[in-house]
Amino acid sequence: MKQLLLASLMGSAIALATQAMAATTDLQALEQAARAEGAVNSVGMPDSWANWKDTWEDLNKLYGLKHLDTDMSSAQEIAKFAAEKDNATADIGDVGAAFGPIAVQQGVTQPYKPSTWEQIPAWAKDQDGHWMLAYTGSIAFIVNKKLVKDIPTSWADLKNGQYKVAIGDVSAAAQAVNGVLAAAIANGGDEKNIQPGLDFFAGIAEQGRLSLSNPTIQTLEKGEVEVGVVWDFNGLSYRDQIDPSRFEVLIPADGSVISGYSTIINKYAKHPNAAKLAREYILSDAGQINLAKGNARPIRAEYLSLPAEVQAKLLPNAQYAKVRPIKDAAAWEATSKALPQLWQEHVIINME
């Protein structure tokens, strides 16, 4: 019996070692193929967004990959992949979470699962590896501490405050739309039931506390926003660029929504191996730390040991205890399309 057990354990160890060797060999082959291609061209991944600059520099330094980016929206990226086909000028793109499944439906992506695949949450990836979030955004508050003395740490606090609240244009901005969803989640709603979010902001509007200012770096710097509802990475970037001592950025303790941005590899890429190696690097520890340096919360945050100065740029993990992802993408697509009209009918009407 002991011999059988020993043989079984040895067999398992050999199998694991073989798998590890195969994975190493596969990555070495991928690196060689990428080096031979010599370049990777991206869309929607400019140097200034989420610190992509450091990742492109690393890929050039480590693997000799030259890089060009054309900045565009998620929808434009997918349209470009589809339109160019056999004359593709883009290899990889960065799209909002809702656009990953759309790209797959349109048949313009190819799969690649990085070696860190198992550390990416199931909700944040396509099961076949066509898309996966590299970094997340959660709806947060940015509070001007010079204008607001009693800092709100929850939606409940926000409801009972005396200051104005700026959420931005719900008819046009994904950040604002997700802000309404976050308020709904904290008050018992979800992507299928946005009414609690509408009721929450209707109450703010009735009190004369709903600001029509868009919470941007310009309006925050001018002191036009007392409390803004923003993506956490935007809030952190605004805070750091204006004056870290002037603003508080936090995730509401009673609930919020988490979403993010995903890489998609062009089905028709002229440099497919370079694109796959780029994704491999983006989801590696080094690539994830690069994103964190740009105030983007890495999707593998709980598995990383971030340098102290980088961790200091992000919010503590504990603040994300009550955030939740969108569970029904189809329901949310329908709700978000209807939301601008609902916002007018239930919220803006109360400002008159």
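Position numbers for residues start from 1 in each chain and track the written sequence from start to end. Restriction of local features to residues with pLDDT of at least 70 applies here, the model being predicted, together with a cutoff of 80 or more for giving and counting side-chain atom pairs; totals for whole chains, interfaces and linings are based on all residues. With hydrogens and water excluded, all non-hydrogen atoms of the structure serve as input to the side-chain values.

As recorded in an unreviewed UniProt entry, the protein goes by Extracellular solute-binding protein and comes from Pseudomonas lalucatii.

**Student:** Explain the packing of helix α6 (residues 174-186) against helix α13 (residues 329-346) to me, please; I cannot follow it from the model alone.
**Tutor:** Between two packed helices, the angle of one axis relative to the other and the distance separating the axes together describe the packing. Axis definition: a line fitted to C-alpha atoms, over the contacting stretch in the case of helices. Angles run 0 to 180 degrees between N-to-C directions. By definition, any uninterrupted DSSP run of H or I lasting at least four residues is a helix, any uninterrupted run of E lasting at least two residues is a strand, and each is numbered from the N terminus. Between α6 and α13, the shortest axis-to-axis distance is 11 Å and the interhelical angle comes to 95 degrees. If you check the angle between α6 and α13, you find them roughly perpendicular. Seen from α6, the contacting residues are V177, N178, V180 and L181; seen from α13, they are W332, S336, L339 and W343. Nonpolar residues are Ala, Val, Leu, Ile, Met, Phe, Trp, Tyr, Cys and Pro. Charged residues are Asp, Glu, Lys and Arg, and all others, Gly as well, are polar. Residues belonging to the contact of α6 with α13 are distributed by class as follows: six nonpolar, two polar and no charged. Reported orientations rely on four angle classes, namely roughly parallel under 35 degrees, roughly antiparallel over 145, roughly perpendicular from 65 to 115, and oblique for the rest. Whether two residues are in contact is decided by their heavy atoms: any pair within 4.5 Å suffices.

**Student:** I would appreciate a short explanation of the side chain of D94 in the present structure.
**Tutor:** If you trace the backbone, D94 turns up in strand β3 (residues 92-96). Summary of the burial criterion: residues with accessible area below 20% of their type's maximum are buried, those above 50% are exposed, and those between are partly exposed, where the area comes from a 1.4 Å probe applied to protein chains only. Counted as positive: Lys and Arg. Counted as negative: Asp and Glu. His and the chain ends are not counted at all. Here, a salt bridge means any side-chain nitrogen of Lys or Arg that lies within 4 Å of a carboxyl oxygen of Asp or Glu. Within the buried core, D94 has no salt-bridge partner, and the shortest N-O distance to an opposite charge, that of R279, equals 9.0 Å. Residues contacting D94, with those up to four places away along its chain left out, are V43, G44, M45, W49, W52, S74, E77, Y135, Y261, S262 and T263.

**Student:** Even after reading the chapter, I still don't get the pairing of strand β4 (residues 131-144), so can you show me in this structure?
**Tutor:** Two faces, one strand: in a regular strand the side chains alternate between the faces of the sheet. Most of β4 is tucked away, with 14 of its 14 residues classed as buried. Paired strands, in this sense, are two strands between which DSSP finds at least two bridges. Bridge analysis of β4 against strand β10 (residues 297-298) gives two bridges, and the strand direction is antiparallel. In the sheet register, Y135 faces β10, and the bridge partner there is P298. Direction of pairing for β4 relative to strand β7 (residues 227-231): antiparallel, over a ladder of five bridges. Residue pairing in the sheet places F141 in a bridge with V229 of β7. Relative to strand β8 (residues 247-250), β4 runs antiparallel, the two sharing four bridges. Looking at β8, one finds that F141 is bridged to L250.

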